[in-house]
Amino acid sequence: MDYVSALVPPFVMAVFFIALVVTIVKSQGGANKAKEDAVVDAAISRAESGQPVRD
């Protein structure tokens, strides 16, 4: 039974890590992708021009 208790924590962490990666991949793109890209492009252009960033 010691081998079971030794294998459970890494197995549980692997399952949670895989679930996290799947969630991140699924959240990429979609309906808000163009809106998010526009916000990032605006922030990059402001940073390159030296203007302060306002929220």
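Undergrad: What should I look at first to understand the environment of Ala14 in this one?
TA: Along the chain, Ala14 falls in helix 1 (residues 2-27). Its relative accessible area of 35% is what places Ala14 among the partly exposed residues.

Undergrad: Can you help me understand helix 1 in this one?
TA: Every α-helix winds through 3.6 residues per turn, so residues three or four apart in the chain are directed the same way. Taking 1.5 Å of rise per residue, the 26 residues of helix 1 would be expected to cover 38 Å, and the 39 Å separating its terminal C-alpha atoms lies within 8% of that figure. The sharpest bend along helix 1 measures roughly 30° and falls at Val8, with the proline Pro9 sitting one to four residues further on. With its phi angle positive at about 80°, Gly29 sits one or two positions after the end of helix 1.

Undergrad: Teacher, can you tell me more about helix 2 (residues 33-49) here?
TA: If you check helix 2, its first and last C-alpha atoms are 24 Å apart, about what 17 residues at 1.5 Å a residue would give, namely 24 Å. The first or second residue beyond helix 2 is Gly50, which carries a positive phi of 90°.

Undergrad: Would you mind going over a nonpolar patch on the surface with me for this structure?
TA: There is a patch of nonpolar side chains on the surface, built from Met1, Tyr3, Val4, Leu7, Val8, Phe11, Val12, Val15 and Phe16 and spanning about 980 Å² of accessible area. Turning to its location among the elements, Phe11 is positioned in helix 1.

About the criteria used
- Counting restarts for each chain, with residues numbered from 1 along the sequence as it is written.
- Given that this is a predicted model, residues contribute local features only at a pLDDT of at least 70 and side-chain atom pairs are listed and counted only at 80 or more, while totals for whole chains, interfaces and linings are drawn from all residues.
- In computing side-chain properties, one takes all heavy atoms of the structure into account and sets aside hydrogens as well as water.
- Helix and strand definitions here come from DSSP, where helices need a minimum of 4 consecutive H or I residues and strands a minimum of 2 consecutive E residues; each element is numbered from the N-terminal end.
- Three exposure classes are used, based on accessible area relative to the maximum for each residue type with a 1.4 Å probe and protein chains only: buried under 20%, partly exposed in between, and exposed over 50%.
- Working rule for helices: expected span equals 1.5 Å times residues minus one.
- Bend is the name given here to the angle between axes fitted to two runs of seven residues, the run ending at a residue and the run starting at it.
- Each patch is built from residues that are more than 30% exposed by relative accessible area and take part in no salt bridge. Like charges join if they lie within 9 Å; nonpolar side chains (Val, Leu, Ile, Met, Phe, Trp, Tyr) join within 5 Å.
- Here the open area of atoms and residues is found with the Shrake-Rupley method and a 1.4 Å probe, where only the protein chains shown may cover a residue.
- When a carboxyl oxygen of Asp or Glu is within 4 Å of a side-chain nitrogen of Lys or Arg, the pair counts as a salt bridge.

Interpretation in functional terms is not warranted from these geometric data alone.
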